[in-house]
Amino acid sequence: MDDTILRRTWAEIDLDALAHNYHRARALTGPEVRYLGVVKADAYGHGAVQVAACLERLGAEYLAVASLDEAQELRRGGIQAPIMILGHTPPEMTPQLIAHNITQAVSDQAKAEAYSSAASACGGTLKVHIKVDTGMSRLGVQVRDGRFDSGVESIARSCALPGLEAEGIFTHFAVSDEDGGDSEAYTRRQFAVFTRVLEALAAKGRTFALRHCANSGALARYPEMYLDMVRPGIALYGAGADRERLGLRPVMALKSCVYTVKRFGPETDISYGRTFRTGGETRVGVLPIGYADGLFRGLSNRMAVWTAQGPASVLGRICMDMTMVDLTGLPDVCEGDEVEIFGGRQPVDELAAVLGTIPYELTCAVSKRVPRLYIQGGGVVERSLRLLL
Ligand SMILES: *Cc1c(COP(=O)(O)O)cnc(C)c1O
């Protein structure tokens with residue numbers, strides 16, 4: 001890849017930070033609990049194949065994605081670890097699941113039956129994990145509101161179907177990463193429902209090798225809920241509500257550079273919509289990054305980027321491809337200098353908070369035209385440009 005491309009806007013992915021975060025989790029869980037790394041959505045924007053390969057080297061026992069396409073990307077990228085699809089896969093794709101040794105989450109009995117018929121028809125066995133809805137009210141077998149017995153029964157029937165191997169069972173928490181007694185009580189209720197389901201199934205003679213429910217929030221806050229495997233996503237990437245509690249390091253740094261420096265007099269309107277007017281003589285840097293790179297337009301006039309000399313406030317609207325910043329108090333920042341949008345100096349969580357959203361949304365939004373640079377041992381070990389050149 002041409003280095004000049006990288007001098008526009010790029011994302012540095014620190015594989016040493018990824019390893020650090022992985023080891024932090026393993027130190028908490030101990031060696032008996034398995035580790036499933038959630039790498040859906042291109043590993044939250046970090047690059048699924050690279051992150052999965054790193055996790056595989058580190059010893060993660062499982063990976064999870066949202067779709068068959070994402071799972072196949074990993075297999076094509078040489079990933080051999082077990083992969084689970086958390087979301088929807090049409091039952092007619094069952095032969096591909098089996099051929100690529102991919103585990104499918106199953107969220108109700110009708111789907112279990114469809115996967116079972118498809119697996120039997122192609123003469124294979126599909127590994128499945130049963131999803132139980134204990135309070136997320138999204139996917140999963142319903143076991144609340146008087147549906148406990150019927151739910152348990154339908155799980156037992158699903159697991160007994162031909163062509164399916166029920167390797168695991170899991171549930172997902174709605175507020176395990178939130179502070180406060182109410183969230184804690186809700187999470188504990190979800191876990192209690194899950195535990196009762198497991199006990200009722202055990203009483204019917206149905207047990208599972210992998211029972212799991214701990215996302216990042218539960219990894220950080222509820223060690224009693226680790227069961228056989230933890231399932232963190234955001235904690236792996238060093239972001240989220242529990243990053244400080246867990247002693248995590250940010251994996252992604254979004255960076256750009258100063259393309260042009262200009263001086264404007266007082267009363268100058270900057271950018272679309274004239275939402276910023278200079279007070280006095282102002283030294284303005286133009287950065288080649290905009291909302292099409294993943295820098296949310298909602299951050300216009302509400303954030304600073306980090307230069308080597310300190311923070312430079314965004315002036316006016318963030319454009320599709322460009323953003324203006326105030327360099328008036330930073331006379332040593334010149335054309336060509338690097339700036340950090342988020343990363344080690346400005347946690348992505350802080351920008352997410354300004355937007356009233358979660359860091360996941362910001363790392364996932366780093367777009368296709370932003371090259372990813374993989375850093376390990378202080379050097380760039382891989383460059384990944386996603387534009388088709
Ligand atoms: C995305 C996802 C996770 C990971 O959640 P984090 O909050 O990023 O830790 C775990 N389990 C399921 C089912 C998910 O969909």
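Being a predicted model, the structure only gives us computed values, none of them experimental. (Residues numbered from 1 in each chain as written. Predicted model: local features only at pLDDT ≥ 70, side-chain atom pairs only at ≥ 80, totals over all residues. Heavy atoms only, no water.)

**Brief notes about the site of the ligand**
For step 1, the next point in the chain: For the ligand, the set of nearby residues contains 13 residues, the closest of which are K40, Y44, S216, I234 and Y360.
For step 2, the next point in the chain: One of the side-chain N or O atoms of Y44 is found 2.6 Å from an oxygen atom in the ligand.
For step 3, the next point in the chain: Taking 390 Å² as the accessible area of the ligand by itself, protein coverage stands at 92%.
For step 4, the next point in the chain: Structurally, the ligand is housed in the largest pocket.
For step 5, the next point in the chain: Residue composition of the shell around the ligand, by class: six nonpolar, four polar and three charged. (Near = heavy atom within 4 Å. Polar contact = N/O pair within 3.5 Å; in protein donor to acceptor, adjacent residues only side chain to side chain. Areas by Shrake-Rupley, 256 points an atom, 1.4 Å probe, with all protein chains shown as cover. 1 Å grid on protein atoms, 1.4 Å probe; cavity = no way out; pocket = protein on both sides within 12 Å on 5 of 7 lines; lining within 4 Å. Sits in = over half its atoms within 2 Å of the grid points. Nonpolar A, V, L, I, M, F, W, Y, C, P; charged D, E, K, R; others polar.)

**Looking at the pairing of strand 21 (residues 379-384)**
For step 1, the next point in the chain: As judged from the five bridges shared by strand 20 (residues 372-376) and strand 21, these two strands associate in the antiparallel manner. Across the sheet, I375 pairs through a bridge with V380, a residue of strand 21. (Pairing = 2+ DSSP bridges. Helix = DSSP H or I, 4+ residues; strand = E, 2+ residues; numbered from the N terminus.)

**Description of empty space enclosed by the protein**
Any empty space left between the atoms is revealed when a probe the size of a water molecule rolls over them.
For step 1, the next point in the chain: All chains considered together, the criterion is met by one cavity of 30 Å³ or more.
For step 2, the next point in the chain: The computed volume of the largest cavity comes to approximately 30 Å³.
For step 3, the next point in the chain: Forming the boundary of the largest cavity are L254, G294, L295, F296, L299, I341, F342, L351 and L362.
For step 4, the next point in the chain: Looking at the lining of the largest cavity residue by residue, the classes come out as eight nonpolar, one polar and no charged. (Points joined across faces, edges and corners; volume = space filled by probe spheres on them.)

These figures capture arrangement, not role.
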